[in-house]
Amino acid sequence: MIRIIEDAYCKIFVLEGLFLLYVFLHGLIRGENMELGRDSDTGGQVKYVVELARALGAMPGVYRVDLLTRQVAAPDVDWSYGEPTEMLSPLKPENDIQATGESGGAYIVRIPFGPKDKYISKELLWPHIPEFVDGALGHIIQMSKVLGEQISGGEPVWPVAIHGHYADAGDSAALLSGALNVPMLLTGHSLGRDKLEQLLKQGRQSREEVNATYRIMRRIEAEELSLDASDVVITSTRQEIEEQWRLYDGFDPVLERKLRARIKRNVSCFGRFMPRMVVIPPGMEFHHIVPHDADMEREIGDEDNPESPDPPVWSEIMRFFSNPRKPMILALARPDPKKNITTLVKAFGECKPLRELANLTLIMGNRDAIDEMSSTNASVLLSILKLIDKYDLYGQVAYPKHHKQHEVADIYRLAAKTKGVFINPAFIEPFGLTLIEAAAHGLPMVATKNGGPVDINKVLDNGLLVDPHDQQSIADALLKLVSNKQLWVRCRQNGLNNIHLFSWPEHCKTYLSRITSCKPRKPQWQKSDDGFETSESDSPGDSLRDINDLSLNLKLSLDGEKIEGSGTFDNALDSEENTTNGNSRLVNAVLELSKDAEKNPERAGSIEKAESNTSKSLTLRRRKFIFVIALDFEMNSDFLDAMKVIVEAAADKNAGSIGFILSTASSISEIISLLESGGLGPMDFDAFICNSGSELYYPSSNSEGGLSGLPVIPDFDYHSHIGYRWGGEGLRKTLVRWAANINEKKGAEGERIVEDESGSATHCCAFKLANPEMVPPAKELRKLLRIQGLRCHAIYCQNGTKINVIPVLASRAQALRYLYVRWGVDLSRLVVFVGESGDTDYEELIGGVHKTVILKGVCSGASKLHTNRNYPFEHVVPFDSPNLVESEGCTSSNIKASLEKLGVPKG
């Protein structure tokens with residue numbers, strides 16, 4: 001929690017009992033003896049997130065830190081990765097004495113999801129992310145209750161923030177943030193758009209081949225969604241912001257500064273939001289590093305000092321060299337093409353003076369046999385071995401097969417002892433944590449000029465930067481450092497003097513200050529009396545760089561392009577305050593919304609009365625199963641017939657054991673009308689998820705408690721829950737302009753291809769499509785809105801005849817998670833019925849811990865909505881999941897057979 005001490009002169013934020021949540025899904029994660037380099041998923045990112053969690057767990061004011069990852073109980077990995085929980089012991093022994101409380105400290109929490117008994121690569125995890133989110137949600141809710149009993153007098157302690165690391169975890173964190181209504185932070189580490197560009201430049205694979213291999217388009221969409229949901233994005237370097245994140249539709253550095261300036265001046269942003277980008281270099285723990293001078297004075301293999309023998313790894317490396325006393329050039333990287341080790345070997349092999357002065361050590365992960373390595377890594381290693389043979393570098397290059405993680409420090413020490421140099425020649429290095437480690441051991445550096453090393457060298461001033469594509473430049477820089485002893489000593493000393501700036505305590509202090517700048521959020525039905533108030537700015541303490549040079553006019557193109565400079569564009573939104581006369585009829589129609597709830601705030605209390613009268617929580621919890629009907633028909637007799645078949649399939653169950661939820665893209669009034677036309681009523685259902693998940697209603701037998709005369713009660717808490725970053729009137733006006741633009745460009749005279757729908761509600765802008773073929777696909781509308789800083793979820797519905805634009809983290813799938821958080825509905829007891837295809841949010845309904853029945857032949861015409869997808873369904877839908885079955889048609893007998901396969905009992 002965040003407590004405020006305030007007087008007439010200042011406001012002090014005091015951190016107390018913070019619960020922090022981290023998500024990192026891929027690779028093998030444990031606190032001790034990390035297997036870094038075991039595979040491409042278990043690299044420096046693993047070490048970073050584990051050490052960050054450990055360091056934050058020791059910070060004052062932080063009660064508990066949970067690092068959520070995947071539980072792996074596979075025969076080809078160590079048993080420790082299958083343990084549900086692992087406590088991270090503090091690096092400093094004295095921290096053990098601190099009273100952290102019964103559940104305090106830092107932990108790795110492993111959530112089971114994906115294939116059982118199988119360790120899979122990150123590219124194959126995408127279909128299973130909803131299952132992780134559901135499992136993680138269960139852990140968080142349980143832990144919030146436990147912590148509430150321990151430190152908050154029974155009041156649940158929700159995470160103060162959820163921080164996703166990498167694209168898959170960012171996607172997961174966004175869903176968790178939306179389900180819990182808590183702030184989200186993001187660290188990308190490496191970015192999909194940048195990787196795609198690099199791979200295409202190499203020319204080895206086509207775009208289609210890259211996507212098939214790396215699931216790159218799904219990764220990019222996850223990064224875009226993460227930007228939509230994030231309050232703060234943590235980067236290691238300024239370069240990552242200016243050259244990598246700016247490639248994304250959802251981030252524009254110029255627009256971000258303009259929006260911050262408008263917020264500071266209390267000027268409307270017209271519903272536009274941009275995440276705050278913050279540079280915080282990674283930290284490092286230094287307490288285990290031995291004094292350097294003592295190492296420098298010792299000789300390797302000094303028999304006169306038996307009490308301090310050489311580490312075993314030293315002899316493992318030195319056996320490769322004919323002259324082990326020469327300075328050692330050290331590279332520490334996986335044999336991956338992007339690490340550029342082959343260029344380093346060429347530079348060394350072709351520079352005779354360098355070969356005469358130095359040895360080269362390549363620490364390239366661990367391997368048993370080349371044939372057992374991945375094809376990519378094996379290819380790089382074979383290329384290196386061929387180069388060693390070509391240049392006859394035997395006796396001058398070491399490439400040991402094995403090393404333990406704790407021996408890495410000894411390897412750095414050996415290189416420093418020989419007055420060597422550390423090199424990172426990667427084509428692009430997002431940060432370069434090994435450069436920090438090397439500097440802490442007294443090693444000067446030569447590093448790529450692309451990425452994080454630029455910022456590191458500005459701080460440490462301990463080496464030289466090179467063009468990784470320039471082989472001669474690499475050789476010259478290495479030769480300069482190993483031959484010029486005065487330069488070597490100066491770089492070494494600069495690194496040692498400045499390395500404290502990269503300590504974990506410094507990192508954590510800055511990090512926690514960023515968390516306090518986020519506007520706190522938590523589940524809205526909790527009464528909050530902590531009095532916390534904050535500016536709308538994500539970072540109120542920041543100075544506005546170049547604020548006087550910023551134009552506060554937001555000029556944005558309707559054609560979906562980012563606008564540079566301040567030129568004039570035909571379709572620019574030069575003024576958000578006013579609409580053109582030619583569009584006034586369309587504007588006014590869209591802005592006539594059903595705002596009964598807002599006009600009658602006294603009814604907000606009626607839901608509490610309805611909850612008491614109908615015992616909503618008890619009603620939902622006592623259901624053995626709840627059937628969620630999520631068939632994406634239009635509101636017609638076909639929908640009614642399919643609904644009746646599903647209800648009939650549950651007729652032989654015990655009375656009251658099965659509940660029903662209707663989940664559609666239609667408004668509540670349309671649903672009630674359809675039910676009444678078929679002889680059904682609201683009381684036959686437990687809940688209604690309407691307008692693609694932007695509204696949630698419960699049936700009411702009390703007509704006076706209903707909404708606008710309808711026998712249903714709205715969940716006002718849900719409205720508050722999903723309201724984060726909802727663009728409101730600014731978004732509506734933009735969509736009206738977009739619709740008018742399409743009508744003008746593509747429609748015949750007087751024809752309206754897109755027009756507003758009277759079903760628009762407070763959190764849903766709905767449009768009817770008279771001619772769906774003339775409307776751009778969903779991905780283009782999403783791109784347009786993201787470029788303009790409008791954070792929302794655009795869904796094409798009902799066979800392409802309707803568009804619903806709803807809050808960014810609202811959806812029909814998220815509404816089900818809300819029922820779990822709010823009412824304790826067991827997600828594993830839900831059975832979701834979907835068609836063979838559906839709305840553009842269709843895929844979100846299939847994954848997770850709930851059970852899914854796909855009714856073949858139903859809604860198959862909606863498949864045309866998915867023809868312009870960036871990635872195939874196979875990349876996101878877990879077709880091999882035991883929770884998913886296909887029913888041969890929508891008949892009662894087929895549905896009953898499918899339910900039996902899913903383990904739903906007959907009675």
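Report on the accompanying structure.

**Some points on the overall build of the chain**
The helix and strand inventory of the chain stands at 30 helices and 28 strands. In the chain, buried positions account for 60% of the 907 residues. Roughly 36,200 Å² of accessible area belongs to the chain as shown, and the carbon and sulfur atoms make up 48% of that amount.

**Concerning the pattern of salt bridges**
Within the structure shown, the criterion is met by 34 salt bridges. Across the salt bridge formed by glutamate 242 and arginine 246, the nearest N and O atoms sit 3.6 Å from each other. Note that aspartate 336 and arginine 334 form a salt bridge whose closest N and O atoms lie 3.9 Å from each other. Of the two residues examined, aspartate 336 and arginine 334, each falls in the buried class. One salt-bridge network, in which partners are shared between bridges, spans Arg30, Glu35, Arg38, Asp39 and Asp78.

**Remarks on the packing of aromatic side chains**
Geometry of an aromatic ring pair is reported as the spacing of the ring centres plus the angle between the planes. What the rule picks out here adds up to 15 aromatic pairs. For the pair phenylalanine 627 and phenylalanine 660, a centre-to-centre distance of 5.8 Å together with 85 degrees between the ring planes defines the contact as edge-to-face. Here the residue phenylalanine 627 occupies a position in strand S17 (residues 625-629), and phenylalanine 660 occupies one in strand S18 (residues 658-663), the gap between them amounting to 33 residues. Per residue, the accessibility class of phenylalanine 627 equals that of phenylalanine 660, and both read buried. An aromatic cluster of three or more residues is present, and its members are Phe627, Phe660, Phe685, Phe688 and Phe833. Looking at arginine 822, its charged tip hangs above the ring of tryptophan 823, at a distance of 4.5 Å from the centre.

**Side note on the nonpolar core**
Counting 100 residues, the largest nonpolar core has Phe132, Leu176, Trp245 and Leu819 as the members making the most contacts within it. Broken down by element, the residue count for this core peaks at 9 residues, all from helix H2 (residues 129-151). Among residues more than four places away in sequence, those in contact with tryptophan 245 are Leu186, Gly188, Leu191, Glu223, Leu227, Val233, Thr235, Glu240, Phe251 and Met277. Grouped together as the second largest cluster of nonpolar side chains are 70 residues, Ile329, Phe431, Met445 and Val446 included.

**Points about unusual backbone geometry**
The backbone of asparagine 33 shows a phi angle near 50 degrees, a positive value even though the residue is not glycine. The residue asparagine 33 is located in the loop between strand S3 (18-23) and helix H1 (44-57) in this model. One non-glycine residue, asparagine 691, adopts positive backbone phi at about 50 degrees. In this fold, asparagine 691 is placed in the loop between strand S19 (687-690) and strand S20 (695-699).

**As for the sheet that holds strand S16 (residues 463-466)**
Within a sheet, each strand pairs with its neighbour through backbone hydrogen bonds, oriented either parallel or antiparallel. Across the sheet, which stays open at both edges, the 6 strands sit in the order S13-S12-S11-S14-S15-S16 with parallel pairing between neighbours. Edge strands, defined here as strands with exactly one partner in the open sheet, are strand S13 (397-398) and S16. Pairing of strand S12 (residues 359-363) with S13, which is carried by 2 bridges, proceeds in the parallel orientation. Residue pairing for S13: threonine 361 is matched across the bridge by alanine 398.

**Here's the deal with the pairing of strand S7 (residues 161-165)**
Along a regular strand, successive side chains alternate from one face of the sheet to the other. A large share of S7 lies buried, amounting to 5 of its 5 residues. The alternating pattern of S7 places Ala161, His163 and His165 on one face and Ile162 and Gly164 on the opposite face, and all of these are buried. With respect to chirality, the unit in which S7 leads through helix H3 (residues 167-180) into the neighbouring parallel strand S8 (residues 184-187) is right-handed.

**Examining the sheet that holds strand S24 (residues 792-797)**
Read from one edge of the open sheet, 4 strands run S22-S23-S25-S24, paired in antiparallel fashion. Sheet topology places strand S22 (754-756) and S24 at the edges, where each strand pairs with a single neighbour. Sheet twist, expressed as the mean angle between neighbouring strand axes with direction ignored, is 25 degrees. Bridge count between S22 and strand S23 (residues 765-769): 3 bridges; the pairing is antiparallel.

**A few points about the side chain of glutamate 240**
Tracing the backbone through its elements, the reader meets glutamate 240 in helix H7 (residues 238-244). Put simply, glutamate 240 is tucked away with no salt bridge, and the nearest opposite charge, on arginine 219, sits 9.7 Å away. Among residues more than four places away in sequence, those in contact with glutamate 240 are Gly188, His189, Thr235 and Trp245.

**Focus: the packing of helix H11 (residues 341-350) against helix H13 (residues 375-390)**
In contact at an axis separation of 9 Å, H11 and H13 are set at 5 degrees when each is read in the N-to-C sense. In terms of their interaxial angle, H11 and H13 are classed as roughly parallel. Note on element contacts: H13 touches H11 through Val380, Ser383, Ile384 and Leu387, opposite Ile341, Thr342, Val345 and Lys346. Across the contact of H11 with H13, the residue classes tally to 5 nonpolar, 2 polar and 1 charged.

The rules behind these values
- Residues numbered from 1 in each chain as written.
- Predicted model: local features only at pLDDT ≥ 70, side-chain atom pairs only at ≥ 80, totals over all residues.
- Heavy atoms only, no water.
- Helix = DSSP H or I, 4+ residues; strand = E, 2+ residues; numbered from the N terminus.
- Buried < 20%, exposed > 50% of the residue type's maximum accessible area, 1.4 Å probe, protein only.
- Areas by Shrake-Rupley, 256 points an atom, 1.4 Å probe, with all protein chains shown as cover.
- Salt bridge = Lys/Arg side-chain N within 4 Å of Asp/Glu carboxyl O.
- Phe/Tyr/Trp six-rings, centres within 6.5 Å; stacked < 30°, edge-to-face > 60°.
- Lys NZ or Arg CZ within 6 Å of the ring centre and 35° of its normal.
- Core = buried A, V, L, I, M, F, W, Y, C linked by side-chain atoms within 4.5 Å.
- Contact = heavy atoms within 4.5 Å.
- Pairing = 2+ DSSP bridges.
- Right-handed = clockwise from strand over helix to strand, strands pointing away.
- Axes fitted to C-alpha atoms, helices over the stretch in contact; angles between N-to-C directions.
- Lys, Arg positive; Asp, Glu negative; His and termini not counted.
- Parallel < 35°, antiparallel > 145°, perpendicular 65-115°, else oblique.
- Nonpolar A, V, L, I, M, F, W, Y, C, P; charged D, E, K, R; others polar.

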